[in-house]
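Okay, here's what each chain looks like letter by letter:
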Amino acid sequence: MFAFLRRAALCALVSGLTFQASASVSTPGQFAEQQIRHIATLFPGRMSGSPAELMAADYLQQQFSSFGYQSNTRQFNTGYEWQDERGQQHPRKVTATSVIAARAGEVPQEILVIAHLDTWTPASSKDIDNNLGGLRLQGVDDNASGLGVMLELAEKLSHSPLHYGIRFVALSAAQNNLHGVDDYLQRMSPVEKKNTLLVIDLNSLITGDSLYFNSGQHTPVAVRKQTSERAVRLAHRLNIPAASRVLTSNDFAGHNAFDQAGFPLLDVTASNWKLGQHNGMQQRSRSRHFPEGETRHQTDLDNLQYIDRWLPGRIALRSRESVNILLPLLQELANPQR
């Protein structure tokens, strides 16, 4: 009984906050930034299977529903290996929660937009000692940024005409090799797979030096021209630094399960492929404030206070840039000239 009342109280809290975070804003990127800050502040430690993840999923589902989308949450079982101080592995099972929202178009085909919901789960005692992941990790860059931009795109497209439908998925169990993407793919019917024209993956849009619009290894050249190359042209027209590349197996994001399954992929992230091992892992130049050149999984770095101090204005800038590029791109893709 107590657990039920506690869950009801949490849902009531989230519902109240939903109204505040859904205030009408018109400047591109402003709503995305608002959502990034809201998610990072209210739902730190969004580890797969955690109460914070479940609350964040409830919040996102309510947001999508308020925009008029058919939306629901989906739970699935997964797990990971925990390594103790002696180096021994112990299996840990979790029940993760993803959020799915869709709006149908004139035809059955649709575009899938994903952003991972979960933050890093410590997988060893060493992770905990190094402040990697855990209950305090806000995950601003990785990946409240993707969620915030996704929500603004969904809100802006909620009343636009659609020839092709759009499906938004806030996917859990994407960190720690928890196979959330694999679970989603396994649940797709043959018809759903056939009707998925493109997958757009939004991930870590803040810390990196510039935006990249990368194509998957199995994305046809014709689709690259309409997606990654078109995105870069839109960016340059707006004087926004941006680049694109075809991902390889050596790249940080080169093992995307959707790409491996043969879906055309547009991978959107902020990084710097000119640095480090030239694989996108290093997001920016190493410095005193960013000694590894990245913030992913690092509790003391990937939070609002730190990013606002050492990258002032970056969250607002990247929110605006991402929306200004992706919104017209999605509108074009969903409504091709006929």
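Refer to the structure printed above.
All figures in this text were calculated on a predicted structure; none of them were measured in a lab.

Engineer: Describe in detail the overall build of the chain, supporting the description with residues and values.
Structural biologist: What the chain contains, in helices and strands, is twelve helices and eight strands. Against the globule reference of 20 Å for 338 residues, the chain gives a C-alpha radius of gyration of 19 Å, in line with a compact fold. The dimensions of the chain, computed from C-alpha atoms along their principal axes, are 60 × 50 × 40 Å. Counting contacts in the chain only where the partners sit at least 6 residues apart, residues at least 24 apart contribute 75% of the total. Taken as a whole, the chain presents about 15,100 Å² of accessible surface, with 52% of it coming from carbon and sulfur. Side-chain charges in the chain split into 32 positive and 31 negative, and the spacing between the mean points of these groups amounts to 4 Å.

Engineer: Describe the side chain of Asp302, listing the residues and the values that go with them.
Structural biologist: Tracing the backbone through its elements, the reader meets Asp302 in the loop between strand E8 (265-271) and helix H11 (304-310). Buried charged residue Asp302 carries no salt bridge. Nearest counter-charge: Arg46, at 7.0 Å. A distance of 3.0 Å separates a polar side-chain atom of Asp302 from the backbone nitrogen of Val140. At a separation of 3.2 Å, a polar atom in the side chain of Asp302 contacts the main-chain amide nitrogen of Asp142. For Asp302, the residues in contact, after removing those within four places along its chain, are Leu137, Gln138, Gly139, Val140, Asp141, Asp142, Thr295 and Ile307.

Engineer: Please set out unusual backbone geometry residue by residue, giving values where relevant.
Structural biologist: The step from Asp142 to Asn143 runs through a cis peptide bond, and the omega angle for that step is 10°. Take Asn143: it is sitting in helix H5 (residues 140-157). Positive phi, normally seen in glycine, also occurs at Ala173, with a value near 55°. Note that Ala173 resides in the loop between strand E4 (164-171) and helix H6 (180-187).

Engineer: Help me get a handle on the pattern of salt bridges, residues and values and all.
Structural biologist: Applying the stated criterion across every chain, the model contains 13 salt bridges. Note that Lys156 is salt-bridged to Glu155, the shortest N-O span being 3.9 Å. A salt bridge links Arg230 to Glu332, with the nearest nitrogen and oxygen atoms 2.6 Å apart. Taken as a pair, Arg230 in helix H9 (residues 228-237) and Glu332 in helix H12 (residues 314-334) lie far apart in primary sequence, 102 residues in all. Judged by its relative accessible area of 33%, Glu332 is partly exposed.

Engineer: Account for the pairing of strand E1 (residues 70-83), with residues named and values stated.
Structural biologist: Relative to strand E2 (residues 89-103), E1 runs antiparallel, the two being bridged by 14 bridges. The residue bridging Gln83 from the neighbouring strand is Gln89, located in E2. Where E1 hands over to E2, the hairpin turn is made up of five residues, of which Gly87 adopts a positive phi near 85°.

Engineer: Would you mind going over the nonpolar core in detail, with residue names and values included?
Structural biologist: Proteins that are soluble and globular tend to have nonpolar side chains buried together. Of all hydrophobic cores here, the largest spans 65 residues; its most connected members are Leu60, Phe64, Val113, Phe168, Ile200, Leu202 and Phe213. The contact partners of Phe64, leaving out residues within four places of it in the chain, are Tyr69, Ser71, Val99, Ala101, Met150, Leu151, Ala154 and Phe168. The next biggest cluster of nonpolar side chains, apart from the first, holds 17 residues, and it includes Leu112, Leu171, Val199 and Tyr212.

Engineer: Now, about the packing of helix H2 (residues 30-42) against H12: what can you tell me, with residues and values included?
Structural biologist: The interhelical angle for the contact between H2 and H12, taken along N-to-C directions, is 130°, at an axis separation of 8 Å. Classified by the interaxial angle, the pair formed by H2 and H12 is oblique. Crossing of H2 against H12: the hand is right-handed. Here H2 contributes Ala32, Glu33, Ile36 and Arg37 to the contact with H12, which in turn contributes Ile315, Ala316, Ser319 and Val323. Residues that form the contact of H2 with H12 fall into these classes: five nonpolar, one polar and two charged.

Engineer: Can you lay out the packing of H9 against H12 for me, pointing to particular residues and giving the numbers?
Structural biologist: Relative to each other, H9 and H12 sit at 135°, their axes nearing to 9 Å. When the axis of H9 is compared with that of H12, the two are oblique. With respect to the hand of their crossing, H9 and H12 are arranged in right-handed fashion. Along its contact with H9, which presents Arg230, Ala231, Leu234 and Ala235, the element H12 presents Ile325, Pro328, Leu329 and Glu332. Taken together, the residues that form the contact of H9 with H12 break down as six nonpolar, no polar and two charged.

Engineer: Explain the pairing of E8 to me, using residue names and the numbers behind them.
Structural biologist: Burial of E8 is extensive: seven of the seven residues sit out of reach of the surface. In E8, alternate side chains face the same way, and those of Leu265, Asp267, Thr269 and Ser271 on one face and Leu266, Val268 and Ala270 on the other are all buried. Examined bridge by bridge, strand E5 (residues 196-202) and E8 share four bridges and lie parallel to one another. Within E8, the position partnered with Leu202 by the bridge is Val268. Pairing analysis gives six bridges linking strand E6 (residues 210-215) to E8, with the strands arranged antiparallel.

Cut-offs applied
- Residues numbered from 1 in each chain as written.
- Predicted model: local features only at pLDDT ≥ 70, side-chain atom pairs only at ≥ 80, totals over all residues.
- Heavy atoms only, no water.
- Helix = DSSP H or I, 4+ residues; strand = E, 2+ residues; numbered from the N terminus.
- Rg over C-alpha atoms; globule rule 2.2 N^0.38 Å.
- Contact = heavy atoms within 4.5 Å.
- Areas by Shrake-Rupley, 256 points an atom, 1.4 Å probe, with all protein chains shown as cover.
- Lys, Arg positive; Asp, Glu negative; His and termini not counted.
- Charge placed at Lys NZ, Arg CZ, Asp CG, Glu CD.
- Buried < 20%, exposed > 50% of the residue type's maximum accessible area, 1.4 Å probe, protein only.
- Salt bridge = Lys/Arg side-chain N within 4 Å of Asp/Glu carboxyl O.
- Polar contact = N/O pair within 3.5 Å; in protein donor to acceptor, adjacent residues only side chain to side chain.
- Pairing = 2+ DSSP bridges.
- Core = buried A, V, L, I, M, F, W, Y, C linked by side-chain atoms within 4.5 Å.
- Axes fitted to C-alpha atoms, helices over the stretch in contact; angles between N-to-C directions.
- Parallel < 35°, antiparallel > 145°, perpendicular 65-115°, else oblique.
- Left-handed = near helix turned anticlockwise from the far one by under 90°.
- Nonpolar A, V, L, I, M, F, W, Y, C, P; charged D, E, K, R; others polar.

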